[in-house]
Amino acid sequence: MKTKASINLFGPRVLLALIIVLIEVMFINSLASAGMEFILSSVVVTIAVLIQLRFAIRPTSGSPADIVVFIFSWLFLDLAPKLQLISMPQRLINTSTIAVDRVALTNLICALFMIAFTLLYEFLSRRAEQPQPARPAAADSQQEFTWAAVALTLVICVIVVGLAAPGAYHSVENAVAATPTSLVIKRFLLFVPSATLLILLNETVRSGRKVLFSRVCVLLLLLLLVMITVNPYTEKRNAIGPVYIALLMVLFQNWFASRTRRLLLLVSSMVLIFPAITIFTHNHTQTIGNVSLSQFSDQIADHYFSINYDSWANIYTAVEIVKVHSMQWGHQLMGSLLFFVPSSLWSSKPLATGIFLADYLIANYSMWFTNLSAPLIAEGYLDFGPGGVVLYAAALAWFVVFLNRLALRRDNYLAFPMATYAAVFLMIVLRGSLMIALGFAAAAFLAFCFASALLSMKVGVRHRLARLFGARPVMVA
């Protein structure tokens, strides 16, 4: 007989639900005079977040992607905009002025995205969990990497870091503008050590063999290379977080198989740790010895009022642009999918959606720079209206299910670390712009494939076979 699982009244999801409800009560109490449609639309968002928390974080998911989607919905579409509206009721964080009817419509669009994702994710997950045909036993085993292939890959990583890292540090110190060449170097070449460490660490954990001192030394050297290339001095949080969270989840993958532990790790990272480390990522002269606990707490408290949490405000601006200038009918999507085509060859290539929104705000409001986010919801609404929001939610649900299935594969040591990294990186895709996120994602994917190809080389196998056959007696006719 099947019995219902008991609900843990003190579990993290129940506590999160209480926090979400309490913030909504505080919001309604503070802005009750703003209008009934304003309040009701806010309640709809809260209900959508609670539904996503209850039904769109599955205990059987292979990757933490569904948790990342929930955290984005909660922090960027519910918590941050409510705190900002309470603090600045007349102006948004992106300098746009407030219209009650547009606020209500923006809230409804955000709720539509969350509900559509939850329903489609539940449907696709149930289909993916149906029994699959049995695979041959040989397909469930993965041959371990040879020492020669590991040594060759390590040498290549050392050479790459030695040649490319000085240029990356120089570009930070001299505020050099990003170019296609620098992006290839930073997002592909300098990511190879991170991809190599994740794959090799997964092979070490899952192979079940005795961990030798030489393997520990290789892993520590790769970690040193990663710390040289991915740190608060050279990178922003969106590049640092996916690497180090993925390392933790690969190293302790059995422990983090629990949904509760994943949720605690990701919530604490994105709610507390990421805001705190902006002290270093946004001030390269800052050292940890000069930072007090009060500075960390102030940084976390002020973080949700910064331009880093402009996602809801930029969805609001996308709604305004569609109302004034109509939909783009796929123009922005085409630019995102063909991000690799240079503007010199495509004269009418669209700007990244964040820049597109910023140009509108500069022309009509008081915005002064173009480095803005453009959430996936804004991308969909700008191109196709409410239908685009549902379409992008469906694509997101399919991709999350794909990552879950990829993470559960055991026939390739590349699958789990790449799925885990992609799941955390999904926060960048959700926050946008899509064009920039796809460029970064493509570079990281190529780095994973390159590292996997190097590690999978059968270097040294021929010599072992020769010794094996040489030990056998040879019959002479």
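All of the points below concern the structure found in this document. Along each chain, the written sequence defines residue order, and numbers are assigned to residues from 1. It should be noted that, the model being predicted, local features are given only for residues of pLDDT at least 70 and side-chain atom pairs only at 80 or more, the latter also being counted only at that level, while totals for whole chains, interfaces and linings use all residues. With hydrogens and water excluded, all non-hydrogen atoms of the structure serve as input to the side-chain values.

1. Remarks on the overall build of the chain
Here is step 1: What the chain contains, in helices and strands, is 19 helices and 0 strands.
Here is step 2: In the chain, which comprises 477 residues, the share counted as buried stands at 49%.
Here is step 3: Any two residues whose heavy atoms approach within 4.5 Å at even a single point are treated as in contact. Residue pairs in contact within the chain that sit at least 24 positions apart in sequence constitute 79% of those at least 6 positions apart.
Here is step 4: Accessible area for the chain stands at about 23300 Å²; split by element, carbon and sulfur atoms hold 69% of it. Starting at the N terminus, helices and strands are each numbered in turn, a helix being any DSSP run of H or I of at least four residues and a strand any DSSP run of E of at least two. A 1.4 Å probe rolled over the protein chains alone gives each residue an accessible area, and that area as a share of the maximum for its type sets the label: buried under 20%, exposed over 50%, partly exposed in between. Per-residue accessibility takes into account occlusion by the displayed protein chains alone, with areas from the Shrake-Rupley method and a 1.4 Å probe.

2. Regarding the packing of helix H15 (residues 376–384) against helix H16 (residues 386–407)
Here is step 1: Lines fitted to C-alpha atoms define the axes here, with helix axes fitted over just the stretch in contact, and angles between the N-to-C directions of these axes take values from 0 to 180 degrees. Relative orientation of the contacting elements H15 and H16 amounts to 135°, with a least axis distance of 6 Å. If you check the angle between H15 and H16, you find them oblique. The chirality of how H15 crosses H16 is right-handed. Across the interface between the two elements, Leu 376, Ile 377, Glu 379, Gly 380, Tyr 381, Asp 383 and Phe 384 from H15 touch Pro 386, Gly 387, Gly 388, Val 389, Tyr 392 and Leu 396 from H16.
Here is step 2: Among the residues forming the contact of H15 with H16, the class breakdown is 8 nonpolar, 3 polar and 2 charged. Just so you know how the angles are binned, under 35 degrees is roughly parallel, over 145 roughly antiparallel, 65 to 115 roughly perpendicular, and the rest oblique. For any helix crossing, the convention is left-handed if the near helix is rotated counterclockwise from the far helix by under a right angle, and right-handed if that rotation is clockwise. Polarity classes work like this: nonpolar for Ala, Val, Leu, Ile, Met, Phe, Trp, Tyr, Cys and Pro, charged for Asp, Glu, Lys and Arg, and polar for all others, with Gly in that last group.

3. Details of unusual backbone geometry
Here is step 1: Of note, Thr 95 is a non-glycine position whose phi angle comes to about 80°, a positive value.
Here is step 2: With respect to the helices, strands and loops of the structure, Thr 95 is situated in the loop between helix H3 (65–87) and helix H4 (100–128).
Here is step 3: Look at Ser 326: it is not a glycine, yet its phi comes out positive at around 70°.

4. Considerations on the pattern of salt bridges
Here is step 1: Salt bridge, as used here: a side-chain nitrogen of Lys or Arg that lies within 4 Å of a carboxyl oxygen of Asp or Glu. What the rule picks out here adds up to 8 salt bridges.
Here is step 2: For Glu 320, the salt bridge is made with Arg 102, and the minimal N-O distance between the two is 3.3 Å. One end of the pair, Glu 320, is in helix H12 (residues 311–325); the other, Arg 102, is in helix H4, with 218 residues separating them in the sequence.
Here is step 3: Judged by its relative accessible area of 6%, Glu 320 is buried.
Here is step 4: The partner of Glu 122 in a salt bridge is Arg 126, with the nearest N and O atoms 2.8 Å apart. Here Glu 122 and its partner Arg 126 are both found in helix H4, 4 residues apart, which amounts to about one turn of the helix.
Here is step 5: Assessed through its relative accessible area of 54%, Arg 126 is described here as exposed.

5. Describing the packing of aromatic side chains
Given two aromatic rings, their pairing is described by the distance between the two centres and the angle made by the two planes.
Here is step 1: Note on aromatic pairs: the rings of Phe, Tyr and Trp (six-membered ring only in Trp) are paired at centre separations within 6.5 Å, and the planes decide the class, stacked below 30 degrees, edge-to-face beyond 60, tilted for the rest. Counted by the stated rule, this structure contains 17 aromatic pairs.
Here is step 2: When the centroid spacing of 5.4 Å and the interplanar angle of 10° are considered together, the rings of Phe 117 and Tyr 121 count as stacked. With Phe 117 and Tyr 121 both in helix H4 and 4 residues apart, this pair spans about one turn of that helix.
Here is step 3: Each residue in the set Phe 191, Tyr 421, Phe 425 and Phe 448 is aromatic and connected to the rest through ring pairs, giving one cluster.
Here is step 4: Looking at Lys 82, its charged tip hangs above the ring of Phe 27, at a distance of 5.5 Å from the centre. We count a charge as sitting over a ring when the NZ of a lysine or the CZ of an arginine lies within 6 Å of the ring centre and within 35 degrees of the ring normal.

6. Comments concerning the nonpolar core
Within soluble globular proteins, side chains that are nonpolar tend to cluster in buried spots.
Here is step 1: Throughout, nonpolar core names a set of buried Ala, Val, Leu, Ile, Met, Phe, Trp, Tyr and Cys residues whose side chains join them through atoms within 4.5 Å. If you look at the biggest cluster of nonpolar residues, it comprises 124 residues, and the most contacted ones within it are Trp 74 and Leu 75.
Here is step 2: With near-sequence residues (within four places) excluded, Trp 74 lies in contact with Leu 16, Ile 19, Ile 20, Val 49, Leu 79, Val 267 and Val 271.

7. Concerning helix H14 (residues 353–364)
Quick reminder: α-helices carry 3.6 residues per turn. Residues three or four places apart thus point the same way.
Here is step 1: Between its first and last C-alpha, H14 extends 17 Å over 12 residues, near the 16 Å set by a 1.5 Å rise per residue.
Here is step 2: Listed as buried for H14 are Thr 353, Gly 354, Leu 357, Ala 358, Tyr 360 and Leu 361. Along H14, the residues classed as buried sweep out an arc of 160° about the axis, all on the same side.
Here is step 3: On the buried face of H14, the contacting elements are H12, helix H13 (331–337) and H15. Given a helix with a known number of residues, its expected span is that number minus one, times 1.5 Å. To be clear, the arc concerns the directions from the helix axis to the C-beta atoms.

8. Things to note about empty space enclosed by the protein
Here is step 1: Residues are said to line a cavity or pocket when one of their atoms sits within 4 Å of a point; the points come from a 1 Å grid over protein atoms alone, cavities being sets where a 1.4 Å probe fits but cannot get out and pockets being open sets with protein on both sides within 12 Å along at least five of seven lines. Grid points are joined across faces, edges and corners, and a volume is the space filled by probe spheres set on the points. On inspection of all chains with the given rule, the structure shows 2 cavities of 30 Å³ or more.
Here is step 2: In this structure, the largest cavity occupies an estimated 210 Å³ of space.
Here is step 3: Surrounding the largest cavity, 20 residues form its lining, Lys 186, Arg 187, Phe 191, Glu 235 and Ala 239 being those nearest its centre.
Here is step 4: Among the elements of the structure, helix H5 (147–173), helix H6 (180–187), helix H8 (213–229), helix H9 (237–251), helix H17 (415–431) and helix H18 (434–455) are those that each provide at least two residues to the lining of the largest cavity.

9. Here's the deal with the environment of Leu 414
Here is step 1: Position of Leu 414 relative to the elements: it lies in the loop between H16 and H17.
Here is step 2: Remark: the alpha-carbon pair of Leu 414 and Ile 199, spanning 215 residues in sequence, is separated by 5.6 Å.
Here is step 3: Each residue touching Leu 414, except ones within four places of it in the same chain, is listed here: Ile 199, Phe 448 and Ser 452.

10. Describing the packing of helix H1 (residues 12–30) against helix H2 (residues 36–55)
Each pair of packed helices can be summarised by the angle the axes make with each other and by the distance between the axes.
Here is step 1: In the contact formed by H1 and H2, the axes pass within 11 Å of each other and the chain directions differ by 175°. In terms of orientation, H1 lies roughly antiparallel with respect to H2. Facing H1, whose interface residues are Arg 13, Leu 16, Ala 17, Ile 20, Val 21, Glu 24, Phe 27 and Ile 28, H2 presents Phe 38, Ile 39, Ser 42, Val 43, Thr 46, Val 49, Leu 50, Leu 53 and Arg 54.
Here is step 2: Grouping the amino acids of the contact of H1 with H2 by side-chain chemistry returns 12 nonpolar, 2 polar and 3 charged.

11. So, H15
Here is step 1: The element H15 is largely enclosed, with a buried count of 8 among its 9 residues.
Here is step 2: Taken residue by residue, H15 has Leu 376, Ile 377, Ala 378, Glu 379, Gly 380, Tyr 381, Leu 382 and Asp 383 as its buried positions.
Here is step 3: Directly beyond the C-terminal end of H15, a positive phi value near 70° is found at Gly 385.

12. Looking at the environment of Gly 354
Here is step 1: Along the chain, the position of Gly 354 falls in helix H14.
Here is step 2: In this structure Gly 354 comes out as buried when scored by relative accessible area, which is 1%.
Here is step 3: Through-space distance from the C-alpha of Gly 354 to that of Pro 375 is 8.5 Å; in sequence the pair is 21 residues apart.
Here is step 4: The residues touching Gly 354, leaving out its near neighbours within four places in the chain, are Thr 370, Leu 372, Ser 373, Ala 374 and Ser 433.

13. Examining the side chain of Asn 314
Here is step 1: Here Asn 314 lies in helix H12.
Here is step 2: For Asn 314, the residues in contact, after removing those within four places along its chain, are Asn 94, Leu 357, Leu 361, Leu 372, Ser 373, Pro 375 and Ala 378.

14. Looking at a nonpolar patch on the surface
Here is step 1: The patches described consist of residues with a relative accessible area above 30% and no salt bridge, like charges being joined within 9 Å and nonpolar side chains (Val, Leu, Ile, Met, Phe, Trp, Tyr) within 5 Å. On the surface, Val 205, Leu 248, Leu 251, Phe 252 and Trp 255 cluster together into a nonpolar patch covering about 440 Å² of accessible area.
Here is step 2: Residue placement: Trp 255 occurs in the loop between H9 and helix H10 (259–281).
Here is step 3: Judged by relative accessible area, which is 47%, Trp 255 ranks as partly exposed.

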